[in-house]
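Geometric and topological summary
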Amino acid sequence: MRTGLDGKIVLITGGAQGIGRATALGFAREGARLCLIDIDINALNEAELELRALGVKVSIAQADLSTAEGVKSGVDAALKSYNGQVDVLVNNVGAGKVRTFDELSDEDWDFTMNLNFMSYVRTCRYLLPVLRNREKAVIINNASDLARQPEPVPIDYSASKAAVLALTKGLARAEAPKIRVNAVAPGPVWTPFWTKEGGFADTMGKFHGMAPKDAVEHELSLRHLPLNRLGQPDEVANVIVFMASDLASFVTSAVWGVDGGSIRSLI
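Residues numbered from 1 in each chain as written. Predicted model: local features only at pLDDT ≥ 70, side-chain atom pairs only at ≥ 80, totals over all residues. Heavy atoms only, no water.

So, on to the packing of aromatic side chains. Applying the stated rule across the entire model yields two aromatic pairs. Ring centres 6.5 Å apart and planes at 70 degrees place the aromatic pair Phe 101 and Trp 109 in the edge-to-face group. Trp 109 sits in the partly exposed class, given a relative accessible area of 23%. Residues Phe 242 and Trp 256 carry aromatic rings whose centres are separated by 5.5 Å and whose planes lie at 75 degrees to one another, so their mutual orientation is edge-to-face. On the criterion of sequence distance, the pair formed by Phe 242 in helix H9 (residues 233-244) and Trp 256 in strand S7 (residues 255-258) is long-range, its members being 14 residues apart. Lying over the aromatic face of Tyr 82, Lys 57 brings its terminal NZ or CZ to 4.6 Å of the ring centre. (Phe/Tyr/Trp six-rings, centres within 6.5 Å; stacked < 30°, edge-to-face > 60°. Buried < 20%, exposed > 50% of the residue type's maximum accessible area, 1.4 Å probe, protein only. Helix = DSSP H or I, 4+ residues; strand = E, 2+ residues; numbered from the N terminus. Lys NZ or Arg CZ within 6 Å of the ring centre and 35° of its normal.)

If you want it as C-alpha cells, here you go:
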C-alpha cells in the first residue's frame, strides 16, 4: 500500500532513542526526510549514522525541550537544512519516574509538565504557521495508556499525558480540515525510558523494594496485560507512521492505544 510519505519532512522530538528512534527508522523506510531533536548528542549521532545508512536525508539538533528557548533553538537548528519547512510533527519527548504523590515537589511537577506537556504545546505553537501552509500536514502526539487509566504512581506522568490528550483533541478541531492531529497511547514499552539509570524500571524497583526486572514483572502482573509482555518500540512506531500517512486520511482527533490490551474501558 502507498503511504504517500515519500519526500515528506518529518520532525521527531526525543528522536534519538526508543520509540522516537524506531519511528524515525519507520519513516525512513517510507522515503521521508528526517529531523531529530534530542538532549543526548551521542544517541543523536548514532541515530543519524543509522538513518544515513538507509540512504535518507537527516538533520539532528541537540536541545533541552523542557524550556521555551530549547524548543525554539532545537526546532530552528533541526529544520535549517529544510528552510524551516516541515510536513509531519511527532511530539515524542518525555520522561518519568515512579514516585508517590507525597514525594512530588512543585519542582518535580514543573519539570514533568514542562517536558512532557509544554514541549508539545510550544512545538505545536511554533510550527503551526508552517504546517498550515503544507499539503496533508499531520501532528502525532505520543501520550500513554496512563493518560486514560491512571495508576497511583507515577501520578505526575499520568497528569501530563492526560493533558497531551486534551491538547490533541482541541487542536484536531481547531486545525481541521487542513491539519490532522492524533495521538498514540502506548502501554509499557521496553525502551531506555524504562531501562536507563533512574528510569521507570530503576525507580519502580525502589518503590516495590525489588530488583528492577522483578519490579517490572510484578507491575505487569498487577496490570493484567492480555498480551502478557512489554511492547517493542517498533510496534508503536508502525502505528505512528500509519497515522501520519495517506492510509489514515480520514483519521483525526483519535487516540490509538498500543498497549497490549491494558485499557479495559469501552472507549
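For the rest of this paragraph, the subject is the pattern of salt bridges. One pass over the structure, following the stated rule, counts 11 salt bridges. A salt bridge links Asp 87 to Arg 134; its shortest N-O distance comes to 2.9 Å. Separated by 47 residues along the polypeptide, Asp 87 in the loop between helix H3 (68-79) and strand S4 (88-91) and Arg 134 in the loop between helix H4 (106-131) and strand S5 (137-142) bring together distant segments of the chain. Owing to a relative accessible area of 4%, Asp 87 belongs among the buried residues under this scheme. The closest approach of N and O atoms between Asp 246 and Lys 136, which form a salt bridge, is 3.3 Å. Taken together, the residues Asp 246 in the loop between H9 and S7 and Lys 136 in the loop between H4 and S5 connect sequence positions 110 residues apart. Judged by its relative accessible area of 30%, Asp 246 is partly exposed. (Salt bridge = Lys/Arg side-chain N within 4 Å of Asp/Glu carboxyl O.)

Attention now moves to unusual backbone geometry. For the peptide bond that leads from Val 153 to Pro 154, omega is -5 degrees, which places it in the cis range. Mapped onto the elements of the fold, Pro 154 is located in the loop between S5 and helix H5 (155-175). In this model, Ala 176 is joined to Pro 177 through a cis peptide bond whose omega is 0 degrees. Examined against the element boundaries, Pro 177 turns out to sit in the loop between H5 and strand S6 (179-186). If you check the backbone angles, Lys 136 has positive phi at about 60 degrees while not being a glycine.

Side-chain alternation along S4 places Val 88 and Val 90 on one buried face and Leu 89 and Asn 91 on a second face that is also buried. As paired strands, strand S1 (residues 9-13) and S4 are joined by three bridges and run parallel to one another. The residue of S4 that forms the bridge with Ile 12 is Val 90. (Pairing = 2+ DSSP bridges.)

It is worth spelling out the nonpolar core at this point. Within the largest apolar cluster, 38 residues are counted, with the highest numbers of intra-cluster contacts made by Leu 11, Ile 37, Val 86, Leu 127, Leu 131 and Ile 139. With nine residues, H4 is the largest single contributor of residues to this core. Residues contacting Ile 139, with those up to four places away along its chain left out, are Leu 89, Asn 91, Cys 124, Leu 128, Leu 131, Ile 179, Arg 180, Val 181 and Asn 182. Ala 28, Ala 32, Ala 47 and Val 236 belong to the second largest nonpolar core, which has 31 residues in total. (Core = buried A, V, L, I, M, F, W, Y, C linked by side-chain atoms within 4.5 Å. Contact = heavy atoms within 4.5 Å.)

The next thing to look at is the sheet that holds strand S3 (residues 58-62). Strand order in the open sheet formed by seven strands is S3-S2-S1-S4-S5-S6-S7, with parallel pairing between adjacent strands. Across the chains shown, the open sheet's two edge strands, defined by having one partner strand only, are S3 and S7. Sheet twist, expressed as the average angle between the axes of neighbouring strands with direction ignored, equals 15 degrees. Where S5 meets S6, six bridges bridge the pair, whose relative direction is parallel. Pairing of Ile 140 across the sheet is with Asn 182, part of S6. (Axes fitted to C-alpha atoms, helices over the stretch in contact; angles between N-to-C directions.)

Moving on, we get to the side chain of Ser 119. Following the sequence through the fold, Ser 119 ends up in helix H4. When neighbours within four sequence positions are excluded, Ser 119 is seen to be in contact with Leu 65, Val 71, Asn 91, Val 93 and Asn 114.

Burial analysis of S5 places six of its six residues in the buried class, the great majority of the element. The alternating pattern of S5 places Ala 137, Ile 139 and Asn 141 on one face and Val 138, Ile 140 and Asn 142 on the opposite face, and all of these are buried. As defined by bridge partners, S4 adjoins S5 across four bridges and the pair is classed as parallel. Residue Val 88 lies in a different strand from S5, and its bridge partner there is Val 138. Viewed along the sheet, the connection from S5 through H5 into S6 turns out right-handed. (Right-handed = clockwise from strand over helix to strand, strands pointing away.)

It is worth stressing that arrangement in space is one thing and function is another; only the former is reported here.
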